[in-house]
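Chain by chain, the residues run as shown.
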Amino acid sequence: MATALFSWADKLAIDGDPVYGELSVLFLLELSTIPEVAEQLAVEGVLGLLSSAPLTVYMRRASVGPFADIAGAIRCYSIWARGILPLLLNLLARLETSIAAEVAVFLSQFPNLLDQAEHSLDSSDDERRPGRPRRETRVALLTVSEAHSLALLTMILNSCRSQVPGVLAIPWDATTVLESVEYWLSSRVLLSQRIVPLGLRETELERTGGLEEKVVCELLGLKDVLTQLNEG
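All of these numbers come straight from a predicted model, not from anything done at the bench. (Residues numbered from 1 in each chain as written. Predicted model: local features only at pLDDT ≥ 70, side-chain atom pairs only at ≥ 80, totals over all residues. Heavy atoms only, no water.)

Engineer: Give me the nonpolar core: which residues, what numbers.
Structural biologist: Membership of the largest hydrophobic core comes to 73 residues, with the highest contact counts inside it found for Trp80, Leu107, Trp172 and Leu226. Take this core: its biggest share by element is 14 residues, from helix α6 (residues 71-95). When residues no more than four places from it in sequence are discounted, the contact partners of Leu226 are Ala151, Trp172, Ala174, Val177, Leu178 and Val181. (Core = buried A, V, L, I, M, F, W, Y, C linked by side-chain atoms within 4.5 Å. Buried < 20%, exposed > 50% of the residue type's maximum accessible area, 1.4 Å probe, protein only. Helix = DSSP H or I, 4+ residues; strand = E, 2+ residues; numbered from the N terminus. Contact = heavy atoms within 4.5 Å.)

Have a look at this one:
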């Protein structure tokens, strides 16, 4: 029922916002925390069902992100970062090598989102991106969490690749992301100026001073994973 709702989410959008797409994926995410249910989701082909949905096709083609100009694009980014990536991690945690190839293929269908995640934390003073326009980077807790999820997925898939054939390499440069993470952790004053809350909960966190602390904690965790990836 959740995957069926996801497949209809574009038709049920409210003022262009496919909110039911996020609700359905978050429900699947909660189910996947139960090991037996995670295995059943994999058996039922949940990734194939999600991949073929119109909303996912839109996510592969359109420019979606936390600071997009339209509500639908912002919601689709939230579906990706809050729902799909953690769901993939839960499936890998339960099924490991038996689903690794399928997860890698699924991720490879989103080159635009992978590229965006690779550069979303670049600093505005960064000169490492020839041909790309200079911009003032806005740091969101969700973009850091997205990078953290991708780093963990890359680490797990790398491990699976050494055990089973056919697991695609994820086109996502951990070295580039690590350089950006180290920059922000060494530039705390600038970081505090660039953090942008997403939604009412993060706005309240910012008001109480807790948002920056969460962002820094997430950056530190991300740095640990990226360091291990680069050393490996």
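Engineer: Describe in detail a nonpolar patch on the surface, supporting the description with residues and values.
Structural biologist: On the surface, a cluster of nonpolar side chains totalling about 500 Å² of accessible area is made up of Trp8, Leu12, Ile14, Tyr20 and Leu23. Topologically, Leu23 is positioned in helix α2 (residues 19-32). (Patch = residues over 30% accessible without salt bridge, like charges linked within 9 Å, V, L, I, M, F, W, Y side chains within 5 Å. Areas by Shrake-Rupley, 256 points an atom, 1.4 Å probe, with all protein chains shown as cover. Salt bridge = Lys/Arg side-chain N within 4 Å of Asp/Glu carboxyl O.)

Engineer: Can you explain the packing of aromatic side chains? Please cite residues and give values.
Structural biologist: Inspection of every chain in the model, using the stated rule, returns 3 aromatic pairs. Plain terms: the ring middles of Phe106 and Phe110 are 5.3 Å apart, the flat faces sit at 55 degrees to each other, and that makes the pair tilted. The class of Phe106 is buried, set by a relative accessible area of 2%. Relative accessible area serves as the criterion here: at 0%, Phe110 is assigned to the buried category. (Phe/Tyr/Trp six-rings, centres within 6.5 Å; stacked < 30°, edge-to-face > 60°.)

Engineer: So, unusual backbone geometry: which residues are in play, and what are the values?
Structural biologist: Apart from glycine, the bulk of residues carry a negative phi angle, and the bulk of peptide bonds sit in the trans form. Residues other than glycine seldom take positive phi values, yet Asp15 does so here, at roughly 55 degrees. Mapping Asp15 onto the fold places it in the loop between α1 (2-8) and α2. By relative accessible area, Asp15 is classed as exposed at 78%. Here the phi dihedral of Glu96 falls at roughly 50 degrees; this positive angle occurs in a residue that is not glycine. Counting through the fold element by element, Glu96 comes out in the loop between α6 and α7 (97-108).

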